[in-house]
Each structure stands twice: as C-alpha cells, then as structure tokens.
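Spelled out, the chains give:
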Amino acid sequence: MNLTLRRFLDRTGILVPLIASGMALAEPSEGHWYKCNTHTHTAAFERSDADAPPMEVAQCFKTHGYQCLVITDHEHFTDVREINTRLGDGSFLVLPGQEITQIVADASHEKGVRHAHVNGIGTGEVILPLGLERGWRPGDRYPGPWKGTLQESFARNVAEVRRQGGVPQINH
C-alpha cells in the first residue's frame, strides 16, 4: 500500500477496520493499488434505483476481483457487518456509506433544479439533504428543491460527512 493511501486510511479511521477484518495490507514501499468501487447502489430499500440486495451486489464485486466496496445508497445507511462476516476472508472488505442527494432550486437550469451528489464514505448514520425533515425515508416524496445555492449544499453536506468521521466524495 502506498504511503499516501496508508495515511488516508489511518486519518479517516478506515485502516482499523481493514486490519480488524484480517485484510492483508501491502507495505508502503510496495506501492500496491486496491481495486475498490466507492459509489455503489443496492436494492436495500423499497423503490431503490438498483435491482439487487447488498449481499448479492457485494458478492458480485468480490467475484470480479474487487478488494473493497462502499455501499452508497441515496439517503440510506446499510449496516455492512453481516456482509463482511459472510464474505470476509482477508481479501475483500465492504465499507459503509451513503449518497446524499441534494436537490437545489436553480432557475437557470433547464428543469429548474440541479442535483448535487456527495458520498459519505465510512459514515455511521444517514445524513439527510438540506430541506428534508428527520423521519423522512427513501421512497418518500421530496418536499421540493432546497432554496439555497449549490455551493452551500456541497459545503454543508461535506461538513456533515466529516463531522461523522467519514470521507466526502463529490460524485456528480
């Protein structure tokens, strides 16, 4: 594992789960890369935009040679402990996460809204986008676009991911 990746994993708290999982880590001098998908949707909840449950998705990635996977469903947190217990053999690890899907009002955009997607890698609970009330669940109707700016939504959602000790990833 290269030194930059080791520092990243150590700083974010991901290194501890990797070691605890028994995953073999290369020494920094080896410059090893890990094959990992950090933006994966599953059918973990009704009306998801995916068509396979988390365990099946994880098994597919493992079968195709991935060493890690981050499950990032929209506004849904999947507990990955059972997946890691069943598929963990020291060569594959599933990390928890979420995709925060912020809908922002923008009159200059063709449909009057823009979508700002931020992943929280290694978070431990759902982070709701601005404008959604506690108790909102995936599949519920959105109350309408948030009236702030795209930049404000990115700043807030990245800050919330960091507050939970996660690593933010801006998707699209």
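So, a few notes on the structure that sits alongside this text. (Residues numbered from 1 in each chain as written. Predicted model: local features only at pLDDT ≥ 70, side-chain atom pairs only at ≥ 80, totals over all residues. Heavy atoms only, no water.)

The parallel open sheet is built from 3 strands, whose spatial order is β1-β2-β3. A strand with exactly one partner marks an edge of an open sheet, and here the two such strands are β1 (36–40) and β3 (93–95). Looking at each pair of strands side by side, their axes are set apart by 20 degrees on average, direction ignored. One ladder, built from 3 bridges, connects strand β2 (residues 68–71) with β3; its direction is parallel. Looking across to β3, one finds that C68 is bridged to L93. Helix α3 (residues 54–63) contacts β1, β2 and β3 of the sheet and is inclined by roughly 150 degrees relative to β2. (Pairing = 2+ DSSP bridges. Helix = DSSP H or I, 4+ residues; strand = E, 2+ residues; numbered from the N terminus. Axes fitted to C-alpha atoms, helices over the stretch in contact; angles between N-to-C directions. Contact = heavy atoms within 4.5 Å.)

Further remarks concern the pattern of salt bridges. Evaluation of the coordinates by the stated rule reveals 5 salt bridges. For the salt bridge of R81 with D79, the shortest nitrogen-to-oxygen distance reads 2.5 Å. Looking at D79, the relative accessible area reads 40%, which means it is partly exposed. Across the pair E160 and R163 runs a salt bridge, and its minimum N-O distance is 3.1 Å. Here E160 pairs with R163, and both are found in helix α5 (residues 150–163), just 3 residues apart, close to one helical turn. For E160, a relative accessible area of 21% gives the class partly exposed. (Salt bridge = Lys/Arg side-chain N within 4 Å of Asp/Glu carboxyl O. Buried < 20%, exposed > 50% of the residue type's maximum accessible area, 1.4 Å probe, protein only.)

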